[in-house]
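Observations on chain architecture
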Amino acid sequence: MKRQKRVLLLVAFAGALTFGHPALALLTGAVGSLVLAPALPSYVDRAGKLCLQAAIVLLGFTLNVQALWQTSRDYAGTILIFVVATLVVGLVIGRLVRADEDQARLLSTGTAICGGTAIATLAPIIRARPESVAIAIGIVFLLNAVAIVLLPWLGHALVMTEEQFGVWVAMAIHDTSSVLGAAAIFGDRALEVATTVKLLRTLLLVPIALVAGILVRQSQAKLRIPAFLVLFVAASVIGSVLEPPVALTSVVKAASHFLLVAALFGIGMEIRRTTMASLNGRAILLGIVLCLLVLPITWLAAMSW
């Protein structure tokens with residue numbers, strides 16, 4: 001039976017790669033995990049994360065470092081205001097709906113910065129219970145799954161430019177994988193802008209983790225810059241200096257897209273039946289309310305820039 005499940009998952013994985021649609025890959029992985037409930041080795045989860053990081057680094061090779069700097073400078077202030085405001089509002093709403101304190105902190109941080117990554121980073125610092133972590137990650141995943149399907153359609157319906165859409169999804173969607181997936185559906189320029197803005201947003205996890213560590217006097221809050229962010233900038237510098245031919249750039253973009261689709265399938269498989277069963281109404285309400293507030297505010301910010 002285990003072997004049959006793995007064969008079916010491999011067929012689904014091959015189909016997702018063949019179609020090459022980010023949203024389809026994410027949803028296929030999630031359905032495979034929920035329906036088949038396979039027992040997979042831990043390296044499968046690690047492989048999905050490595051594929052995502054490799055996709056980001058390769059994309060950096062296709063971006064001009066001056067454009068990268070310009071985008072970073074233009075949106076840094078907006079991102080900082082958004083992150084701080086989302087954290088504060090999330091904690092206030094959490095108290096109003098009487099959500100569990102740990103879950104409110106995790107969901108607010110995940111919504112403000114980078115979804116599951118922020119939740120996993122903050123959890124040991126605030127000594128969050130494992131069930132609270134599972135609930136927060138489950139809610140974030142479900143909201144991301146809806147966003148990656150809905151937002152590209154909304155972007156076209158609202159006649160957004162690719163740059164506007166890239167800024168919007170980079171601030172409105174939780175996880176980096178889903179941001180890149182939604183932006184890739186919309187267009188190449190949207191993907192370039194979304195990657196830069198989202199990585200800037202992700203960097204704010206470092207000071208937030210340090211502040212949280214100070215507040216709870218937890219020694220586990222350490223200053224760590226993710227290696228793939230450094231490699232992303234380095235790849236952009238190398239690509240700008242070498243000025244590779246168009247044919248090579250096209251190959252690199254195709255490889256980045258392929259890895260992104262593979263990563264989204266793997267990330268979809270991270271959702272488990274046990275996670276779905278542990279969800280509770282107050283936490284779900286908090287996650288939805290935060291999203292309903294974030295979506296129009298970030299849209300207005302993107303459209304007015």
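Notes on the structure follow. (Residues numbered from 1 in each chain as written. Predicted model: local features only at pLDDT ≥ 70, side-chain atom pairs only at ≥ 80, totals over all residues. Heavy atoms only, no water.)

1. Topic: the packing of aromatic side chains
Following the criterion strictly, the structure yields three aromatic pairs and no others. Centroid distance F165 to W168: 6.0 Å. Interplanar angle 80 degrees. Geometry classified as edge-to-face. Taken together, the residues F165 and W168, both in helix α8 (residues 162-172) and three residues apart, mark about one turn of the helix. Accessibility expressed as a relative area gives 2% for W168, which makes it buried. Here F165 and F186 contribute two aromatic rings whose centre-to-centre distance is 4.0 Å and whose plane-to-plane angle is 15 degrees, an arrangement assigned as stacked. Of the two residues, F165 is situated in helix α8 and F186 in helix α9 (residues 176-186); the sequence distance between them amounts to 21 residues. Comparing F165 with F186, the two get one shared label, buried. (Phe/Tyr/Trp six-rings, centres within 6.5 Å; stacked < 30°, edge-to-face > 60°. Helix = DSSP H or I, 4+ residues; strand = E, 2+ residues; numbered from the N terminus. Buried < 20%, exposed > 50% of the residue type's maximum accessible area, 1.4 Å probe, protein only.)

2. Examining the nonpolar core
A general feature of soluble globular proteins is that nonpolar side chains tend to end up buried together. Residues V83, L151, F165 and V169 are the most contacted members of the largest nonpolar core, which totals 70 residues. It is helix α13 (residues 246-268) that provides the largest number of residues to this core, a total of nine residues. Look past the residues within four positions of V83 in its chain and what remains in contact with it is A112, I113, R201 and L204. Of all hydrophobic cores here, the second largest spans 25 residues; its members include I93, L143, A209 and C291. (Core = buried A, V, L, I, M, F, W, Y, C linked by side-chain atoms within 4.5 Å. Contact = heavy atoms within 4.5 Å.)

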